[in-house]
Each structure stands twice: as structure tokens, then as C-alpha cells.
Amino acid sequence: MIDEKKLEILTESAKYDVSCSSSGSKRANTPGGLGNASFGGICHSFTPDGRCISLLKILMSNECIYDCEYCPNRRSADVPRARLTPDEICELTVNFYKRNYIEGLFLSSAVFDSPDKTMELLCETILKLRKLYRFNGYIHLKGIPHADGALMMKAARLADRMSYNIELPSEKSLKLLAPQKSRQSLIMPMMSLKEAMDYDRVNKVRKNKVLPAGQTTQMIIGASPESDGQILKLTEALYRRMNLKRVYYSSYIPVVKSDKLPAAGAGLLREHRLYQADWLIRFYGFDVDEICGEDENLSPDYDPKCAWALKNMQLFPVEINSAPLETLLRVPGIGARGAYKICEARKFASLDFDNLAKMRIVLKRAKHFITCKGKFYGSDSFAQVKTSLMLEGTNERAEQLSMFSERSVSLSALTGEL
Ligand code: SF4
């Protein structure tokens, strides 16, 4: 029986880590096994502010030998400490899974004893889960910086996804706020994992593949002075060089008092804007330089695609029946799915505004930037366009995406479909 108090401490301590989306895994069950990362159980479930649910998210221990300034678990913090054994974590995971409380496991840990010792015990836990308990459910494991590379690779063949947190957007901030970590200690393991995944892909490895759901990372936003432009530059480089599945942004929350940290948090709107910009880089063909200058921040008033369009009004309006896909993707109110639908539908007939409405194109925004069969229903006044886009965005300033309220239906476009 696991002490409830321990459980409370270790789940509470894990809550600031946001890099745990469970998408992308294809691990199937085996005869007589338990769990399946391919179907049903591993769904993309998010709390209203975008955090993933349905995984047991827990630390093995919150005892840490490091002293990262922003972290409530750091060595010098006066907080209750606890540690679970690999067997306790396995028992907990399997029991929760059988009761249908969870779909998988997100396992992390503070660095106790030494990086190698911590990684060794994390590795032992997931090895037991896979081999002894025959657990085929989704496992996301947090990598421990400075731990031995062989341990990391062993874990990578057992877990579905791993993440090494990049923590802060620059080496300088890392030195100031997390001096025991270095950019190198975070980048090198990511690079090794990428190379191992590339090797498996090229050689068509089927069994015990390295990280079938890839790797992710997390950055803390607002604990250090980097601009959104710098953050997005780093993001772009990480996607390009490490082939990451996701970069997660965690808005800094001042839970720790320190002279080196700002008194106020970064706020969820900044985090939300970064996710929107991230989406534009990955799915809409935008370069960071188009979205945000190196020393600039994203506009709080407009989503980054609207902000870009307002700066480039000379490129609009575009004719919906002839504009190439990459141009449609840049029209505010036309999301990626919408742009593909338009390209398919116009092969058969010319489209008008009614057709677009049926495709759920957000015409309130798009009408200022498009013509349909030569007709334009937007405003000729730049000031009016700006005002209407800003008014439309006022709802998103009030709250972030929610999967529980009615309003979420109309807001669901804000991140996924821009
Ligand atoms: S290593 Fe991790 S747990 Fe330890 S103080 Fe730094 S951020 Fe916190």
C-alpha cells in the first residue's frame, strides 16, 4: 500500500511540467499483455489551459541535489520530500490503469543522489513495467541531464516518448538560474536520441524502436528576459535539428521567492501566443523572421497570423479560386484544414462565400483578405480591419482554450486553425 501523503507530494511536485502530450505512439498490445498505446486509452486530453490529462503524472522523487532558482523542488527549498521505489510506481500505474483512472504514465524525477543513480532507477521502473507487468500502455519518461548515455538509450527503447527540458531560452539565463545545468548537457542527449531514431527509421527497425512517439522539450517563459523572437528562433532550430515532436512553453509562475526572478508571472496569453506562432512555423510555412523580429515580442492584441497580415496588407485580397495553397494558409481565418478543403473543392466548381461558410472558414476575419469570384465583402478601411480583428480577439484574451464550455467550440480555432 502506497502512502497517500507521498503520492500527494510527488504528484503535486510534478504539476509544473507541461511537456506530456501523448500523441503519436503506435505501441500495440501483445497477447496476454496489458494496455495499448495505439487506441482509445491514449487520447489527447487537455485541461482548459492546455495541459495534458489521462496520464499518471508523477515524480519518482522530489529530493534534488540541484538548486535551480525557479524550481519549488530545488535543494534549498523547505518543502516536504518523498521518494517512491520502482516497484511502488509500477504497482500504482498498473492499479490505476486497471481501474481506468489513467491511460499511461508520465514519469519524471528530481535528481537525487546522482544523475546516474536517478536515471538508473527510472530505467528500472519502466523495464519492470514493460517486462514484469507486461504494461504496453503509453510511457513518457523525463531524461535526466548529465546521466550516462547508455542508460538513456536503454530507457529510450522502453519508453514511447522522452523529453529533456531545455528549461531556459539562453545559455546565459541557464547559468544564472540553473547553474548546475548547461545547454550542452541538455542538447547532447537530444541529439543522440535523434540520431538513434534516424538510424531505426533508415534501417526499418520494427522491434524495440527508440522512442516511437519521439521526443519533446519544455521552456520556461518569463523567468528570464528573452524576447518572444529569441524563444521562437530557438524553437525553430530545435524542430529543424532535433526533429522534436513538440516544444512546450510553460509560463513562469512565481512560486519561489528569489532576487534573480521577476515578481510577476508571464501570463497565459503570452504562452498562448507562442503556441500560435509555433503552429504557424510547423504547419503554415512561416519563418520566425516573418512572425517576430529577434528582439520583439508577439502582439498581445492580435494572433500572430493576423498581426503578420496587417503588416502585409499590400498582398491582399487574394482570389479564393486561384490562390495557391501556401497563400491560402496565410489568410487570417483560413486554417490548415480549411485551406486544403478549398483546394480540393475548387477542382470541381468555383467557390463563393456561402461555400466557404459551409467549410467553416472564419469569414469574419477572412473577408478582409479574400475575394470570391472577384467579389470583396471586407472593409477598405485599414483602421476598421484592425478594429474588427482586435474585437474578434477580445474573447481569447479573457480565457484560453477550454474543452468543457460551450464557447470552446468557437474558440477551438485559436491554436489549431489560425
Ligand atoms: S534539477 Fe529539476 S527538480 Fe532539481 S532543482 Fe532543477 S528543475 Fe528542480
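Residues numbered from 1 in each chain as written. Predicted model: local features only at pLDDT ≥ 70, side-chain atom pairs only at ≥ 80, totals over all residues. Heavy atoms only, no water.

K.L.:
Could you clarify how one ought to interpret the overall build of the protein in this entry?
P.N.:
Within the protein one finds 17 helices and 10 strands. Classification of the 418 residues of the protein by burial places 55% in the buried group. Of the roughly 19,200 Å² of accessible surface on the protein, 53% is carried by carbon and sulfur atoms. (Helix = DSSP H or I, 4+ residues; strand = E, 2+ residues; numbered from the N terminus. Buried < 20%, exposed > 50% of the residue type's maximum accessible area, 1.4 Å probe, protein only. Areas by Shrake-Rupley, 256 points an atom, 1.4 Å probe, with all protein chains shown as cover.)

K.L.:
Even after reading the chapter, I still don't get the packing of aromatic side chains, so can you show me in this structure?
P.N.:
The geometry of an aromatic ring pair is captured by the separation of the ring centres together with the interplanar angle, meaning the angle of the planes. Per the stated rule, a full pass over the model turns up eight aromatic pairs. Their ring planes at 85° and their centres at 5.3 Å tell us that Phe286 and Trp308 sit as a pair that is edge-to-face. Pair noted here: Phe286 is in the loop between α8 (268-283) and α9 (288-291) and Trp308 is in helix α10 (residues 304-311), with a separation of 22 residues, a long-range link. The buried category is assigned to Phe286, whose relative accessible area is 2%. Members of the aromatic cluster, joined through ring pairs, are Phe286, Trp308, Phe316 and Phe369. Residue placement shows Arg330 over the ring face of Phe286; its charged tip is 4.1 Å from the ring centre. (Phe/Tyr/Trp six-rings, centres within 6.5 Å; stacked < 30°, edge-to-face > 60°. Lys NZ or Arg CZ within 6 Å of the ring centre and 35° of its normal.)

K.L.:
When you look at unusual backbone geometry in this model, what are you seeing that I'm missing?
P.N.:
For residues other than glycine, phi is negative in most cases, and the peptide bonds are mostly trans. Along the chain, Phe316 connects to Pro317 via a cis peptide bond; the corresponding omega equals 0°. As for its placement among the helices and strands, Pro317 is situated in the loop between α10 and β9 (318-319).

K.L.:
Would you explain the site of the ligand in this entry?
P.N.:
All residues in the neighbourhood of the ligand are listed as Cys64, Tyr66, Cys68, Cys71, Arg74, Ala110 and Lys181. Residue composition of the shell around the ligand, grouped by class: five nonpolar, no polar and two charged. (Near = heavy atom within 4 Å. Nonpolar A, V, L, I, M, F, W, Y, C, P; charged D, E, K, R; others polar.)

K.L.:
In this structure, what is going on with the confidence of the model for the protein? I would like to understand it.
P.N.:
Mean pLDDT over the protein stands at 86; residues scoring 70 or higher make up 85%. Here residues 38-51 is modelled with pLDDT under 50, and outside its nearest four sequence neighbours on either side it reaches 38 contacts, counting other chains as well. Counting contacts from residues 397-416, a segment whose pLDDT is below 50, to residues more than four positions away or on other chains yields 36 contacts. (pLDDT = per-residue confidence, 0-100. Contact = heavy atoms within 4.5 Å.)

K.L.:
Got a minute to help me understand the sheet that holds strand β5 (residues 138-142) in this structure?
P.N.:
Strand pairing within a sheet occurs via backbone hydrogen bonds; the two strands may be parallel or antiparallel. What the six strands build is an open sheet, ordered β3-β4-β5-β6-β7-β8; its pairing is parallel. Each of the sheet's edge strands pairs with one partner strand only, and the pair in question is β3 (55-59) and β8 (246-251). With direction set aside, neighbouring strand axes in the sheet form an average angle of 20°. Where strand β4 (residues 104-108) lies against β5, four bridges are found, and the strand directions are parallel. Note on β5: the bridge partner recorded for Gly104 is Tyr138. On top of the sheet, helix α7 (residues 228-242) reaches β7 (215-221) and β8; it is set at about 150° to β8, its chief contact. (Pairing = 2+ DSSP bridges. Axes fitted to C-alpha atoms, helices over the stretch in contact; angles between N-to-C directions.)

K.L.:
In this structure, what is going on with helix α12 (residues 336-345)? I would like to understand it.
P.N.:
An α-helix turns once every 3.6 residues. As a result, residues three or four positions apart point the same way. For α12, the full list of buried residues reads Ala336, Gly338, Ala339, Ile342 and Cys343. Buried residues in α12, looked at end-on, bunch into an arc of 165°, giving them a common side. Check the buried side of α12 and you find it contacts α11 (325-328) and α13 (353-358). (Arc of directions from axis to C-beta.)

K.L.:
Where do I start with the pairing of β5 in this structure?
P.N.:
Along any regular strand the residues' side chains alternate between the sheet's two faces. Counting buried positions along β5 gives five out of five residues, so the element sits mostly inside the fold. The alternating pattern of β5 places Tyr138, His140 and Lys142 and Ile139 and Leu141 on opposite faces, both of which are buried. Regarding the hand of the β-α-β motif, the stretch spanning β4, helix α3 (residues 115-132) and β5 is right-handed. Inspection of the sheet shows β5 paired to strand β6 (residues 161-163) by three bridges, in the parallel sense. Bridging from a neighbouring strand, His140 pairs with Arg161 of β6. (Right-handed = clockwise from strand over helix to strand, strands pointing away.)

K.L.:
I would appreciate a short explanation of the pairing of β8 in the present structure.
P.N.:
Among the six residues of β8, six are classified as buried, and the element is accordingly described as predominantly covered. Burial along β8 is two-sided: Arg246, Tyr248 and Ser250 and Val247, Tyr249 and Ser251, pointing in opposite directions, are all buried. Bridge analysis of β7 against β8 gives six bridges, and the strand direction is parallel. Opposite Thr216, over in β8, you have Arg246 as the bridge partner. Once you follow β7 into α7 and on to β8, the crossover reads as right-handed.

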